[in-house]
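# Summary of the model geometry
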Amino acid sequence: MIKRKLDIIVIGGGAAGLAAAIAAKESGVNSVLVLERNPELGGILPQCIHTGFGLHYFKENLTGPEYISRFISRVHDLEIEYKVETMVLELSPRREVWAVNQHDGLLNLKADAIVLAMGCRERSRGALCIPGTRPAGIFTAGTAQRLMDIEGFLPGRKVLILGSGDVGLIMARRFAMEGAEVMGVVEVAPYPGGLDRNLQCLRDFGIPLYLRHAATFIHGSDRVEAVTISRLDESGKPIAGEEKTIECDTLILSVGLIPENELSKGAGIQLDPNTGGPVVDENMETSIEGVFACGNVVHVHDLVDHVTQSGEVAGKNAAKKVLGELPPLERRIHLRPEGNIRYVVPQIISGERPLTLFSRVKKPASNAKIIVGEKISIHKRIVKPPELVTIKLTSELLKKLNPEKKELTVTMEE
Amino acid sequence: MKTTVLIIGGGIAGTAIARELSKYDVDVTLVEKEKDIAFGGPTKANTAIIHAGYDDKPGTTAAKLCRRGNAKWGRLSSELSIPFRRIGSLVIAFNDDEISVLYELMKRGEANGVQDLRIIMGRELFEMEPNLNRKAAAGLYAPSAGVTSPYEAAIALAENARMNGVSFLLETEATGIIIKNGKVKAVQTNRGTIHTRYIINAAGLFADEVSAMAGIEEFKITPRKGEYVIYDKNLRSLVNHILFPIPSPISKGITVTPTVDGNLIAGPTAHDIEDKRDASTTFEGIEEVLRGACKLVPCLSARRDAIISSFSGLRPQPSTGDFIIKSYEEPYGFINVSGIKSPGLTSAPAIAEMVVEILRAEGLRLEMKSDFKPYRRPIEHPFRDFNPAKAEALIDQDRSYGHVVCRCEHVSEGEILEAIRRGATTLDGVKYRTRAGMGRCQGGFCTPHIIKILARELGIPVEDVTKKGGDSKVLLYRAKHLLIGDEKE
């Protein structure tokens, strides 16, 4: 068994984790170790061979592999240590980590700071309880993407896609480009779940989008043979007589992402039921001192650029913590989402420094005002559930806050 | 091919009989139509409960074998390393009428020879089950009830039987029975004729059809569908015992039960259907399960997000209402082990002993083997209940145990390789032996890896790997196949 003491351990070598490790190393911390469970660094990005990455961060339009390779190169240049195919088994509240890989065997590690960057996982068929049989040929969109663009396999030739999230839309196009017949994209909500630019994927290939529909039965004993979809009424219930059975050999699910916080739960880190991720303060520090979190493990982001930025904040502050340069927040003001605001991250701010809040809305709205506390009001022309809403709190705006308040609501007026 | 005893069906009854017979010096063959043990039906999809034995009417075969079977599970599970925990069960009553049913059940249990039954009321009930519906009035406590893993049990029984000389023929379906001069001669299968002196019909849902091949049409098997949902392990501490409602005339009702693996399971419904192959779930069925579960444990109503899977199983409901375990004057040599509905899993070890007695009575000479090996080593799961010293020792022996493939259940490549060495040839075969893919992501992350491991170890193309045999191929083509064809062509 290998026992080691490090300055910082980063759990997860995707966009968030690499940004955190780089920021930490650049801040002058020497021993940084990145633990990644996949055989390669980069998280989900090596399989995202489409463009659209880096428009904000690099002001360039990059593919996933291009985007992440810049960070991987930086990891190599800075000689940051990393271990791939390494599974973290346990995290203790005292910042001890049990991990394992084939080469080292068991690793018992301890660090002054930990950065959680485990990302998220896809919601499965089981979680939705879609009725029907249990044949082969049902994949989550991310799994299908990995199979196609990393492993080199085409799961099937007649494909129905459930959920119009970004990965679902992109996979609709990928299947079409592979020569597969994409029978449609089915979405429960009355509006698409993905970003506008990804809806182009459907238009380009003439793929039908069934809004306000749900999959109500999966057919086929060995392999998927067909899927019945039903139109939903206003309350979300299937309307009798409005079913349609679509023949297909493959069903792809893009029905939501869940921050992967089993390690956080094991360590007893406080989670936010609205995000599914840890409660963090403006330094991205969690409820356990010295444990930071960033990227999709905190909340599911829309753009990798934002993931990278949150990684940088977490990495920088983890470094400061190790170097003894991170004083406790002067004040801890809790932000409470209300009304159309589903969540706000970070959940705790000091009110002393300008920062950007990330938020998601429950339903689309236009010409809306986001109200923080009583006095801060920020105008938003259009807000939609698939897109993160950024709330920039400048020094000017922060001056309006009542310094006595321990809790502020974040809400929306239309 | 020739054998002395041919068992038709590789479910819990067939494998228990195979293992029991493997103690004796006799030639035994088991045929299973599916690709693997326990793939067929009832064994892979049930509530996994070892019942105490108060449900069945005194005097029935089921009542007798259930109590006997229950008593055998402790030894069986330790000999074969089958996961099993005697966690006890509670039948919950909500009013005076239901409480009187508890007393009836207790009386019935006592008549069946079940000891330690007790009626619990008031504070003690909620101390045992803090999340139980506060409107619950009383519970019938049966400490001898337990939970196991039925497919792991069948696999363990089969492994041990094979170790002791039983032959297993998978993907071998009985299509006819040859009878000469009133005696069983052979079984025809899709893979040729197998000559045999005795036939044990443990064909589960299809037992009536196999029985009819022997000319015995005295019963019918109706598939009774039961739907279930499985909750995340995060909820493991919510329930401590097997919780039953008051039984209905046809079923023990929708239970909420901790599984032996630490999840919660709710179900089953009980609806008779026509098609023996229709193991589909339904919208109405799942809603019914959730209503039943929430009646016992109301806080589950807010935890729909914690459901990780739903499935349905078919119980082979016999028209006689009781297990049919018997031989016939004609055709001599044919033995039915049919209608093994609930409590079939509990009864399986007792059923096996009963079959041995029937064979003896039918004139088969059965002498104990001197070299019978009663023990079966389990597949080691070093990260399941993480024990650093044990994990390290295992990795030192075999580095592949250091490569965790299934993230949710922490299953290593070493465990998957061991499952394949023991006979897994499909994704489900690996899953049933290791739990890889049974966790909260339901195989999203590990499926591509396991497919590759299976293809490599079995020496087959990746496209030929199946979920559960037959036409259940997982990856149909290489990338670009539809655009430029396959290089191989």
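Because the structure is a prediction, the values reported are computed rather than measured.

## A word on the overall build of chain B
Scanning chain B from terminus to terminus reveals 13 helices and 24 strands. In terms of C-alpha radius of gyration, chain B reaches 23 Å, essentially the compact-globule figure of 23 Å for 489 residues. Within the span of chain B, comprising 489 residues, buried residues form 64% of the whole. For chain B, contacts bridging at least 24 residues in sequence account for 70% of all contacts bridging at least 6. Counting every atom, chain B has about 18,900 Å² of accessible surface; 48% of that belongs to carbon and sulfur. Charge-centre separation for chain B: the mean point of 65 positive side chains lies 2 Å from the mean point of 62 negative side chains.

## Considering the overall build of chain A
Within chain A one finds nine helices and 28 strands. Computed over its C-alpha atoms, the radius of gyration of chain A comes to 22 Å, within 12% of the 22 Å expected for a compact globule of 414 residues. Residues classed as buried in chain A amount to 60% of the 414 residues present. For chain A, long-range pairs separated by at least 24 residues make up 60% of all intrachain contacts whose partners lie at least 6 apart in sequence.

## Description of the sheet that holds strand β28 (residues 407-413) of chain A
All names here are of chain A. Spatially, five strands are ordered β23-β21-β28-β25-β26 in an open sheet, and the strand pairing comes out mixed. Sheet topology places β23 (348-349) and β26 (376-383) at the edges, where each strand pairs with a single neighbour. Pairing of strand β21 (residues 333-337) with β23 involves two bridges; the strand directions are antiparallel. Bridge pairing in β23 links His-334 to Ile-348.

## Things to note about the interface of chain B and chain A
Contacts between the two partners involve 54 residues from chain B and, on the opposite side, 56 residues from chain A. Roughly 4,600 Å² of surface becomes buried between chain B and chain A when both sides are summed, with 59% attributable to carbon and sulfur atoms. Run the count over chain B and chain A and you get three salt bridges. One salt bridge in this structure joins A:Glu262 and B:Arg440, with 3.5 Å as the shortest N-O distance.

## What about the pattern of salt bridges?
Opposite charge on two side chains allows them to pair when their charged atoms are near. Considering all chains together, one arrives at 68 salt bridges over all chains under this definition. Linking B:Arg440 and B:Asp232 is a salt bridge whose minimum nitrogen-to-oxygen distance equals 2.7 Å. In this pair, B:Arg440 is assigned in the loop between α11 (427-434) and α12 (447-458) and B:Asp232 in the loop between β14 (221-231) and β15 (242-244), connecting sequence segments 208 residues apart. In this structure, B:Arg440 and B:Asp232 share a single accessibility class: buried. One continuous salt-bridge network, built from bridges that share partners, spans A:Arg37, A:Arg121, A:Glu260, A:Glu262, A:Lys265, B:Asp232 and B:Arg440.

## Looking at the domain arrangement of chain B
Residues and elements named next belong to chain B. Split by domain assignment, chain B resolves into domain 1 (1-83 + 149-219 + 319-378), domain 2 (84-148 + 222-316) and domain 3 (388-483). For domain 1 versus domain 3, the separation of C-alpha centres amounts to 30 Å. On the domain 3 side, the residues contacting the 12 residues of domain 1 number 14 residues. Taken together, the two surfaces of domain 1 and domain 3 that pack against each other cover about 1,100 Å², and 48% of this comes from carbon and sulfur.

## Comments concerning the sheet that holds strand β12 (residues 158-162) of chain A
Residues and elements named next belong to chain A. Sheet architecture is open: five strands sit in the order β10-β18-β12-β13-β14, paired in parallel fashion. Every interior strand has two partners, whereas the edge strands, β10 (138-140) and β14 (209-210), have only one. Bridging between β10 and strand β18 (residues 250-253) involves three bridges; their strand directions are parallel. Paired with Phe-139 across the two strands is Ile-252, which belongs to β18. Across the sheet, helix α4 (residues 141-151) touches β10 and β18, and the angle it forms with β10 is around 95°. Its contacts with the sheet place helix α5 (residues 166-177) against β12, β13 (181-186) and β18, and it is angled at close to 170° to β13.

## What about the packing of helix α10 (residues 413-421) of chain B against α11(B)?
Residue and element names in this part refer to chain B. Across the interface, α10 lies against α11 with an axial gap of 9 Å and an inter-helix angle of 115°. With respect to α11, the axis of α10 lies roughly perpendicular. In this structure, α10 meets α11 at a crossing whose hand is right-handed. Between α10 and α11, the contacting residues are Glu-415, Ile-416, Ala-419 and Ile-420 on the first element and Val-430, Arg-433 and Thr-434 on the second. Of the residues assigned to the contact of α10 with α11, the class counts are four nonpolar, one polar and two charged.

## Things to note about helix α5 (residues 150-163) of chain B
Residues and elements named next belong to chain B. The end-to-end C-alpha separation of α5 is 20 Å, in line with the 20 Å expected for 14 residues at 1.5 Å each. Across the 14 residues of α5, 12 count as buried, placing the element largely inside the fold. Residues of α5 that are buried include every one of Pro-150, Tyr-151, Glu-152, Ala-153, Ala-154, Ile-155, Ala-156, Leu-157, Ala-158, Glu-159, Asn-160 and Ala-161, and no others. For α5, the elements touching its buried residues are α1 (12-21), α2 (61-80), β8 (146-148), β9 (167-169), α8 (344-361) and α11.

## Observations concerning the pairing of β13(A)
Residue and element names in this part refer to chain A. Buried residues dominate β13, accounting for five of its six residues. One ladder, built from five bridges, connects β12 with β13; its direction is parallel. Across the sheet, Leu-160 pairs through a bridge with Gly-184, a residue of β13. In this fold, the crossover linking β12 to β13 by way of α5 has right-handed handedness. Taking the sense of rotation as the criterion, the β-α-β connection linking β13, helix α6 (residues 196-205) and β14 turns out right-handed.

## Topic: the side chain of A:Thr133
Mapped onto the secondary structure, A:Thr133 falls in the loop between α3 (125-128) and β10. On the basis of relative accessibility, which here comes to 15%, the residue A:Thr133 falls in the buried class.

## Quick look at the nonpolar core
Among the nonpolar cores identified, the biggest contains 64 residues, and A:Ile8, A:Ile9, A:Ile11, A:Val97, A:Ile114, A:Val115 and A:Leu116 are the most heavily contacted of them. For A:Ile8, the contacting residues outside a window of four places in its chain are A:Ala24, A:Val29, A:Ser31, A:Val32, A:Leu33, A:Ala111, A:Ala113, A:Val115, A:Ala318, A:Ala319 and A:Val322. Among the nonpolar cores identified, the runner-up in size contains 55 residues, and B:Val5, B:Leu30, B:Ile155 and B:Ile335 belong to it.

Cut-offs used in this document
Residues numbered from 1 in each chain as written. Chains lettered and ligands numbered in written order. Predicted model: local features only at pLDDT ≥ 70, side-chain atom pairs only at ≥ 80, totals over all residues. Heavy atoms only, no water. Helix = DSSP H or I, 4+ residues; strand = E, 2+ residues; numbered from the N terminus. Rg over C-alpha atoms; globule rule 2.2 N^0.38 Å. Buried < 20%, exposed > 50% of the residue type's maximum accessible area, 1.4 Å probe, protein only. Contact = heavy atoms within 4.5 Å. Areas by Shrake-Rupley, 256 points an atom, 1.4 Å probe, with all protein chains shown as cover. Lys, Arg positive; Asp, Glu negative; His and termini not counted. Charge placed at Lys NZ, Arg CZ, Asp CG, Glu CD. Pairing = 2+ DSSP bridges. Buried area = accessible area lost by both parts, 1.4 Å probe. Salt bridge = Lys/Arg side-chain N within 4 Å of Asp/Glu carboxyl O. Domains from an automatic or database assignment. Axes fitted to C-alpha atoms, helices over the stretch in contact; angles between N-to-C directions. Parallel < 35°, antiparallel > 145°, perpendicular 65-115°, else oblique. Left-handed = near helix turned anticlockwise from the far one by under 90°. Nonpolar A, V, L, I, M, F, W, Y, C, P; charged D, E, K, R; others polar. Expected span 1.5 Å × (residues − 1). Right-handed = clockwise from strand over helix to strand, strands pointing away. Core = buried A, V, L, I, M, F, W, Y, C linked by side-chain atoms within 4.5 Å.

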